[in-house]
Amino acid sequence: MPSQPPLQGNTAAGVTPAAPWRIQAVSVLPNHRLAPIFRDVLIGVADFSAIGTTANPGIYAPLVDIDFFGQVKIELGILTWPNGRDIDPAWLHESLASDKTWSVPF
């Protein structure tokens, strides 16, 4: 099992994103999953595992590499990766509010 980095918080110094759907912290889980914690304390699991089986992951192709996937960071309440790709936090929040474990469609 790959090692899990510690819970990561917002990386933008001095900025407190106010919207309830902004992400405050995230944990990287095994098998291409993330556990974000939103400003309104909503917690869920976003399952990105379909990225490894989709025929064309498009701009998200680098996330297939589990080590790259694990480099997720939070910038201004948004999950981002070193190549600038991100996931819309409002969409993620809405999806996790109705289903605590959500499979991200690719």
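Residues numbered from 1 in each chain as written. Predicted model: local features only at pLDDT ≥ 70, side-chain atom pairs only at ≥ 80, totals over all residues. Heavy atoms only, no water.

**Let's talk about the overall build of the protein**
Looking only at helices and strands, one finds two helices and eight strands in the protein. Ordered by position in the sequence, the α and β elements of the protein form the string β-β-β-β-α-β-β-β-α-β. Residues counted as buried form 38% of the 106 residues belonging to the protein. For the protein, the computed accessible surface area is about 5700 Å², with 55% contributed by carbon and sulfur atoms. (Helix = DSSP H or I, 4+ residues; strand = E, 2+ residues; numbered from the N terminus. Buried < 20%, exposed > 50% of the residue type's maximum accessible area, 1.4 Å probe, protein only. Areas by Shrake-Rupley, 256 points an atom, 1.4 Å probe, with all protein chains shown as cover.)

**Re the environment of A18**
Topologically, A18 is positioned in the loop between β1 (8–9) and β2 (23–29). Separated by 58 residues in sequence, A18 and L76 have C-alpha atoms that sit 9.6 Å apart.

**Looking at the nonpolar core**
By size, the foremost hydrophobic cluster in this structure holds 21 residues, and its most contacted members are L34, F48, V72, L79, W81 and L92. For this core, the secondary structure elements donating two or more residues are β2, β3 (33–38), α1 (66–69) and α2 (89–98). A per-element tally of this core places β2 first, with three residues. Excluding residues within four positions of it along the chain, L34 makes contact with V26, S27, V28, L29, G44, V45, A46, F48, F69, V72, L79 and W81. (Core = buried A, V, L, I, M, F, W, Y, C linked by side-chain atoms within 4.5 Å. Contact = heavy atoms within 4.5 Å.)

**Quick look at unusual backbone geometry**
Of note in this structure, N31 is not a glycine but carries a positive phi near 60°. The phi dihedral of V41 is positive, around 75°, even though this residue is not glycine. Among the secondary structure elements, V41 is positioned in the loop between β3 and β4 (45–47).

**Quick notes on the packing of aromatic side chains**
Applying the stated criterion across every chain yields a total of four aromatic pairs. Taking the centre distance of 6.1 Å and the plane angle of 70° together, the rings of F48 and W81 count as edge-to-face. Here F48 is found in the loop between β4 and α1, whereas its partner W81 is found in the loop between β6 (78–80) and β7 (86–87), with 33 residues between them in sequence. Grouping residues by exposure puts F48 and W81 together as buried. Residues F69 and W81 carry aromatic rings whose centres are separated by 5.9 Å and whose planes lie at 35° to one another, so their mutual orientation is tilted. With F69 in helix α1 and W81 in the loop between β6 and β7, this pair connects stretches of sequence that are twelve residues apart. Among the aromatic residues, those joined into a ring-pair cluster are F48, F69 and W81. (Phe/Tyr/Trp six-rings, centres within 6.5 Å; stacked < 30°, edge-to-face > 60°.)

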